[in-house]
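Fold and contact review
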Amino acid sequence: MLPSRGILRFFRRIHVSAATSSSTTPSRFPNSRRKKNAVRNKNIEDLVEPKKVKHLAAQAIGMEDWIVGLDKTTIEMALDEFMRRPMVRQLAQENGINDKLFMRAFRSFKEYCTPEDLSSVDSGLLILFSDISKGEKDVEILYSFFLDHAKQVFPHLEAMDDLRIISDLTKPHNWYPEARSLTRKIYFHAGPTNSGKTYHALKRFNEAKSAVFCGPLKLLATEVFHKSNELGVACDLVTGEERRFAKDNHHPAQHLSSTVEMLSTQMRVEVAVIDEIQMLRDEQRGWAWTRALLGAAADEVHLCGEPAAIDIVKKLLEPIGETVEVRYYDRKTPLTIADKAIESYDNIEPGDCIVCFSKKHIFYNSKKLEEHGIKPAVIYGDLPPGTKLAQAAKFNDPNDPCNVLVATDAIGMGLNLNIRRVIFNSCTRQNELLPTYSALQIAGRAGRFGTAYANGVTTTLRSQELATLKTILAQKIEPITNVGIAPTYDQIETFSFHLPQASFVRLLDLFVSVCSVSNHFFICTVDDMRELAVLIDQIPLPLKVRYTFCTSPLNTDDKMPAAAFVKMARRFSTGQALTYEWMMDMIEWPPAPATNLRELVFLEQTYEILDQYMWLSMRFPDMLPDEPAIREASRQLDQMIQEGVDSFMSLIGPGENLKRAEKSSRPSEPPRTEKKSILEKLLKRADLSDLDLEQLREELNKAKK
Ligand SMILES: Nc1ncnc2c1ncn2[C@@H]1O[C@H](COP(=O)(O)OP(=O)(O)OP(=O)(O)O)[C@@H](O)[C@H]1O
Ligand SMILES: [Mg+2]
């Protein structure tokens, strides 16, 4: 969730109005990192902290006479007997105290009943112990005292029923009254990549009187925004960080292109397009597609995506009584798998795109290409949008000498680039084999209809991976059975009323551990949101502000942006506005142009901080009032980064340590671990490719130094 993905990496982006209204919009989410929801696997008893129960100050007069002969040992014996009774355990279970909690509560109870000075114990209890020691009462009589004590130790027990009701996420279709007031017509444009799914949905988008497009990427939303306006259909753009108007903010257009997280479920339109609907399955961002599917308040909802999502979409809409009309499309141009891998950079041709899953490999391949006289365009997730667009435009321009692209799978969704051949640098991402749907998405970028190269080809860089790619691509895409879901802010807030002492981090953990979802859903990963929450846990902020801060798409793995995030939260908490001057002072503006990769990464991270400002400014314009000036600074920075990327070769340089640059990059893309020492590999086999030889040369040179 976070997803991010996800309860919650779940929430990556929050709706624009969320900070100012009590909207039921869930929030957040994620960037492309994939993490498991560690919190989800914990039980509530692992999360709650026992509270210390104090003894009463005053005691009943004459107590000493009633408890003559009672001592600590007698009490301990009675308690141990109590603890062993099956009936006691059963009663405890019925009160929500499972075995683990029972033992923790029991230990506390025992400690409470046996202090150094027995007279500080509750007199009613002492009398019971006295009666038990005389055989006048059974130990089970202690249960009500134990239960009271357990509720003081674990206050959540008192509110358990309420907490379960609040965190019941089993009927998410009921969260969207606006959509439920309509009988929506749902169309599913299904087919492989490059089959015209988005094209057909966008046709309806442009024909309609009012419409919203929900895309998976900022780049795609921006493409739709530009294309619609070029067609004469006035269209605004909304992403997490920006709102652009076809005309001006006094005249919002009837058409809106946005990233899926930004959809307002209160906005009534004729047509809603939800692109890449199979993203419902995404561990971090899935919640945003589920929310859009159930919550888009449109007469017609057009879904575009893999046929693997058809059944689950039908199931999700069943309780609402909405039916789905499926329209199938075939791929418009052929896509073939090459017989041979690339093997040598000498075999790189115009229209080639090398797809890598880490920045290190982006840099490595760019360097190699430039050594072979090829100057590639470069696209990866951390680049600012202006740089990405400029690189894509350069690559797409038939008159530009740049005709080779090196990119991460950031290009994997819906984009139309002039690629003839998609070359996989590797078939594994984060040490896991690429899933078939992901490999098909990426390979599907080759041979886009209407581009210079109609016949798409895919292959690998190294021959030993080609068979793996073939196997992956030959597999059937499994139908999607579960979709992501995330709670709304209101649910978290109500939860907090019952647990006023709990910090926000604990609140999140408790929510994830208690909440219930039905069969077709999973809670998106909360980890990214939680990481942000941990950073600012000690800073006093109202819940809604804290929540909003934590739903921002900031990457906490990068130290510099994380530190800036804390400083911004701290300043916010003092009630002082985050001004342009303050921001510039904090980031020591202006930065120097990058002369090496590390400095380029520094610029990217500075950009991330400015981006964070713009994101927060959309939600708290009064506290972050200088968005225009910050945007201008971010534009300048985008330009500097663009120049840096354009002169990649000089940045990488012969002695540049790619590992060091990678270290500062997102660990969402860790280095490949399967890349063993080439010497080890050679020991196992006899064939040697050019790439192997080059790697060997490098390793030997390094060893020499
Ligand atoms: N009928 C058509 N006439 C003209 N151009 C078309 C037609 N259908 C598709 N195209 C163009 O072909 C390209 C691929 O189409 P589109 O982006 O709709 O494919 P898709 O199925 O959505 O692919 P993906 O799964 O990768 O998102 C686009 O540039 C689109 O404009
Ligand atoms: Mg598409």
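Residues numbered from 1 in each chain as written. Chains lettered and ligands numbered in written order. Predicted model: local features only at pLDDT ≥ 70, side-chain atom pairs only at ≥ 80, totals over all residues. Heavy atoms only, no water.

Before going further, it helps to examine the overall build of the protein. Looking only at helices and strands, the protein has 29 helices and 18 strands in total. The burial tally for the protein puts 57% of its 705 residues in the buried class. When the accessible surface of the protein is split by element, carbon and sulfur atoms take 53% of a total near 29500 Å². (Helix = DSSP H or I, 4+ residues; strand = E, 2+ residues; numbered from the N terminus. Buried < 20%, exposed > 50% of the residue type's maximum accessible area, 1.4 Å probe, protein only. Areas by Shrake-Rupley, 256 points an atom, 1.4 Å probe, with all protein chains shown as cover.)

Attention now goes to the domain arrangement of the protein. Often, the extent of an interface is quoted as the loss of accessible area upon association of its parts. Each assigned domain of the protein is listed here: domain 1 (1-39 + 155-163 + 487-553), domain 2 (63-153), domain 3 (172-328) and domain 4 (342-461 + 554-674). Using C-alpha coordinates to define each centre, domain 2 is positioned 63 Å away from domain 4. (Domains from an automatic or database assignment.)

Take the sheet that holds strand β2 (residues 211-215) next. Taken together, the eight strands give an open sheet; going across it, the order is β4-β3-β5-β2-β6-β7-β1-β8, and neighbouring strands pair in mixed fashion. Looking at strand neighbours, the two that pair on one side only are β4 (242-244) and β8 (324-328), the edges of this open sheet. Within this sheet the neighbouring strands show an average axis-to-axis angle of 15°, counted without direction. Taken together, the five bridges between β2 and strand β5 (residues 255-259) define a ladder with parallel strand orientation. The residue bridging G215 from the neighbouring strand is T259, located in β5. (Pairing = 2+ DSSP bridges. Axes fitted to C-alpha atoms, helices over the stretch in contact; angles between N-to-C directions.)

The next thing to look at is the pairing of strand β16 (residues 456-460). Counted residue by residue, β16 has five buried out of five residues, so it is predominantly covered. Of the two faces of β16, the one carrying G456, T458 and T460 and the one carrying V457 and T459 are both buried. Note that strand β13 (residues 421-424) and β16 share four bridges and pair parallel. Note on β16: the bridge partner recorded for R421 is V457.

To continue, consider helix α12 (residues 286-295). With ten of ten residues buried, α12 is to be regarded as a mostly interior element. Listed in full, the buried residues belonging to α12 are G286, W287, A288, W289, T290, R291, A292, L293, L294 and G295. Those residues of α12 that are buried lie in contact with α9 (177-180), β6 (269-274), β7 (298-305), α13 (310-317), β17 (483-485) and β18 (521-523). (Contact = heavy atoms within 4.5 Å.)

Around ligand 1, 15 residues are found, and the nearest of them are K197, T198, Y199, R445 and R448. Here an oxygen atom of ligand 1 and a side-chain polar atom of K197 are 2.7 Å apart. Separating an oxygen atom of ligand 1 from a side-chain N or O atom of R445 is a distance of 2.8 Å. For ligand 1, the accessible surface in isolation is 630 Å², of which the surrounding protein chains cover 81%. Looking at which domains feed residues into the shell around ligand 1, each of domain 3 (172-328) and domain 4 (342-461 + 554-674) supplies at least three. (Near = heavy atom within 4 Å. Polar contact = N/O pair within 3.5 Å; in protein donor to acceptor, adjacent residues only side chain to side chain.)

Further remarks concern the nonpolar core. Counting residues in hydrophobic clusters, the biggest one holds 141 residues, and the most contacted among them are I277 and M583. Per-element accounting of this core gives the leading share, eleven residues, to helix α24 (residues 597-619). (Core = buried A, V, L, I, M, F, W, Y, C linked by side-chain atoms within 4.5 Å.)

Attention now moves to the side chain of K359. Within the element layout of this structure, K359 appears in helix α14 (residues 359-371). Polar side-chain contacts of K359 include one of 3.0 Å to the side chain of D382.

A few words on the sheet that holds strand β11 (residues 377-379). The parallel open sheet is built from six strands, whose spatial order is β9-β16-β13-β10-β12-β11. The open sheet terminates on both sides in strands that have one partner only, identified here as β9 (335-337) and β11. This sheet shows a mean twist of 20° between the axes of neighbouring strands, independent of strand direction. The pairing of β9 with β16 spans three bridges and is parallel. When the bridges of β16 are listed, T336 appears paired with V457. The sheet strands contacting helix α16 (residues 436-443) are β9, β10 (352-356), β13 and β16, and the helix crosses β13 at an angle near 140°.

This next bit is on the packing of aromatic side chains. What the rule picks out here adds up to 15 aromatic pairs. When the centroid spacing of 5.8 Å and the interplanar angle of 55° are considered together, the rings of F549 and F565 count as tilted. Residue F549 is located in helix α21 (residues 543-550), and its partner F565 is located in helix α22 (residues 559-573); the two are separated by 16 residues in the primary sequence. Considered together, F549 and F565 belong to a single accessibility category, that of buried residues. (Phe/Tyr/Trp six-rings, centres within 6.5 Å; stacked < 30°, edge-to-face > 60°.)

Tracing the chain through its elements places F522 in strand β18. Through-space distance from the C-alpha of F522 to that of E283 is 8.3 Å; in sequence the pair is 239 residues apart. Apart from the residues within four sequence positions on either side, F522 is in contact with L280, R281, D282, E283, N482, V483, G484 and I485.

The next point concerns α22. With 15 residues, α22 ought to run about 21 Å at 1.5 Å a step, and its terminal C-alpha atoms sit 21 Å apart, in line with that. Of the positions making up α22, those classed as buried are P561, A562, A564, F565, V566, M568, A569, R571 and F572. (Expected span 1.5 Å × (residues − 1).)

With that out of the way, let us pick up the pattern of salt bridges. This model, assessed by the stated rule, comprises 33 salt bridges. Across the salt bridge formed by D80 and K110, the nearest N and O atoms sit 2.9 Å from each other. Of this pair, D80 sits in helix α3 (residues 72-84) while K110 sits in helix α5 (residues 99-113), and the two are 30 residues apart along the sequence. A relative accessible area of 23% means that K110 is categorised as partly exposed. (Salt bridge = Lys/Arg side-chain N within 4 Å of Asp/Glu carboxyl O.)

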